[in-house]
Structure formats: structure tokens, C-alpha cells
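Notes for the structure review
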Amino acid sequence: NGLDQAPPDTLGAARSATPRAVVLSRLVPHKQIEDALDAVAVLRPRVPNLHLDVVGGGWWHDRLVERAATLGISDAVTFHGHVDDPTKHAVVQRSWVHVLPSRKEGWGLAVIEAAQHGVPTIGYRSSGGLTDSIVDGVTGVLVDDRDELVDRLEQLLADSVLRDELGAKAQTRSSEFSWQQSAVAMRSVLESVHSGLPVSGVI
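None of these values were measured; they are calculated from a predicted model.

The rules behind these values
Residues numbered from 1 in each chain as written. Predicted model: local features only at pLDDT ≥ 70, side-chain atom pairs only at ≥ 80, totals over all residues. Heavy atoms only, no water. Helix = DSSP H or I, 4+ residues; strand = E, 2+ residues; numbered from the N terminus. Rg over C-alpha atoms; globule rule 2.2 N^0.38 Å. Buried < 20%, exposed > 50% of the residue type's maximum accessible area, 1.4 Å probe, protein only. Contact = heavy atoms within 4.5 Å. Areas by Shrake-Rupley, 256 points an atom, 1.4 Å probe, with all protein chains shown as cover. Lys, Arg positive; Asp, Glu negative; His and termini not counted. Charge placed at Lys NZ, Arg CZ, Asp CG, Glu CD. Pairing = 2+ DSSP bridges. Axes fitted to C-alpha atoms, helices over the stretch in contact; angles between N-to-C directions. Core = buried A, V, L, I, M, F, W, Y, C linked by side-chain atoms within 4.5 Å. Right-handed = clockwise from strand over helix to strand, strands pointing away.

Section: the overall build of the protein
Within the protein, the secondary structure is distributed over 9 helices and 6 strands. Here the C-alpha radius of gyration of the protein, 18 Å, is about what a compact globule of 203 residues would show, namely 17 Å. For the protein, the C-alpha atoms occupy an extent of roughly 65 × 35 × 30 Å along the three principal directions. When burial is assessed residue by residue, the protein has 47% of its 203 residues classed as buried. Restricting to contacts in the protein with at least 6 residues of sequence separation, those with at least 24 account for 72%. Of the accessible surface of the protein, which amounts to about 10100 Å², a share of 54% is contributed by carbon and sulfur atoms. Averaged over its 19 positive side-chain charges, the protein has a centre that lies 2 Å from the centre of its 26 negative ones.

Considerations on the sheet that holds strand 5 (residues 121-124)
Within a sheet, each strand pairs with its neighbour through backbone hydrogen bonds, oriented either parallel or antiparallel. Sheet architecture is open: 6 strands sit in the order 3-2-1-4-5-6, paired in parallel fashion. Each end of this open sheet is capped by a strand with a single partner; those strands are strand 3 (77-81) and strand 6 (140-143). Averaged over all pairs of adjacent strands, the angle between strand axes in this sheet comes to 20°, irrespective of strand direction. Bridge count for strand 4 (residues 97-100) against strand 5 is 3 bridges, and the pairing is parallel. Bridge assignment links H98 to a residue of strand 5, and that residue is T121. Together, strand 1 (20-24), strand 2 (51-55), strand 3, strand 4 and strand 5 form the strand contacts of helix 2 (residues 33-43), whose direction differs from that of strand 2 by roughly 165°.

Looking at the nonpolar core
Core analysis: the biggest nonpolar cluster contains 32 residues, and L52, V97, V99, I122, L153 and L157 have the highest contact counts within it. If you list the elements that add at least two residues to this core, you get strand 1, helix 2, strand 2, helix 3 (61-71), strand 4, strand 5, strand 6 and helix 7 (146-158). Top element by residues in this core is helix 2. It accounts for 6 residues. L100, I112, L130 and L142 belong to the second-largest nonpolar core, a separate cluster that totals 9 residues.

A word on the pairing of strand 3
Judged from the 4 bridges that link them, strand 2 and strand 3 form a sheet pairing that is parallel. In the sheet register, D53 faces strand 3, and the bridge partner there is T78. On the question of chirality, the crossover connecting strand 2 to the parallel strand 3 by way of helix 3 is right-handed.

A short note on unusual backbone geometry
The phi dihedral of Q32 is positive, around 50°, even though this residue is not glycine. Assignment of secondary structure puts Q32 in the loop between strand 1 and helix 2. A positive phi angle, close to 65°, is found at N49, a residue other than glycine. Here N49 lies in the loop between helix 2 and strand 2. Relative accessible area serves as the criterion here: at 58%, N49 is assigned to the exposed category.

Function cannot be inferred from these measures alone, as they are strictly geometric.
As C-alpha cells, this is what we get:
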């Protein structure tokens, strides 16, 4: 997968002074944004001023707004809807942790987008693609269930050293992904096949 580079002016902006998590996702059922809302509801009494930004649009939006209200966390969640790229990257830049509780992912482009900003991602190991886009314990965290999602989110919000280490490694890895590199790799494969030579994938 390639990657559109984040606007340079968003990369130098300051983090939020208070704990802030972000979800980058379409708002559809299989993305399970409810798990992120539930996590905020559980952690809010233990993590003062915790706030969740949900960036993305979709037909499940109203259900999620209702869920936040039912949980009593409407004031701790901002639903930004579909926004332009500069706005999206500005929101991510001020965040501490990216949460992607999707049931299934093909790759997880949002993981690499967040990584550009040094923001590590927490997601489900069973989702499929996140096992490729997140290097567990290195650039982010893979968890097995909702309870572990809550526990690891609390850990990352409390441990700035761990959070910064994961974020720095995620940011370094994000530089390995670009449309130019993808195009060069594809050309190499096609030329090798055309010449009848064996070729392996790019790792």
C-alpha cells in the first residue's frame, strides 16, 4: 500500500495537554466503534479529562451518537464526521493514541496515517490486516478482546515513555510506505515476470 504524506504543518503541532484518543474510520457496524466508546466510559473515572475524537462518516453515525449518550460520555466524545485531509491530520497530531477496534481490516491504512504523527495504534489481533500494519509491541499493540483493549489503552495513556517509544517506531516505519515505492516495486515485479525471472515480494 502507498501512503499520501501528511501536510508538513500538521507534523510539528503540539500534542494535547490532556489525554486524547482518536478513531480514524468509516462509521459502519463492522468497525465496532462502540468498543472505543465503551473504553472511554470505563476509563473516564480513572483518566481525568479523557477525550475521544471520532474522525470519519458513515450511516452508523446516529447509532454511535446514541451509544455515547447512553453511556453518559457525550461531552467526552467529538464526532467530526468526514473532514478534509488537513483537518484529519491536525486531529491525529494532537492525539495520544489511535484506537482501531475493527472486526476486520484488509490492511489498516489509518494505522500508517496515525503513525506518520508518531501516534501508536491499538487494534484487534483477530481483525486480519492489522497484524500486518501493526508490529505488535513495536509500533502499536494488538489485543484479543474488549477487556484487554481497555487495559492496554489505559496503560498507554498513563505511560508516556512507552507511548513515545511505540510512536517513534511507528513513525519510522511509516516512512517505508509511499506510492512511489509501491510503483517501483510493481515495475520490478512486472519486468521480472516479462523477462521470465523469478521474483519475490517486497518486504
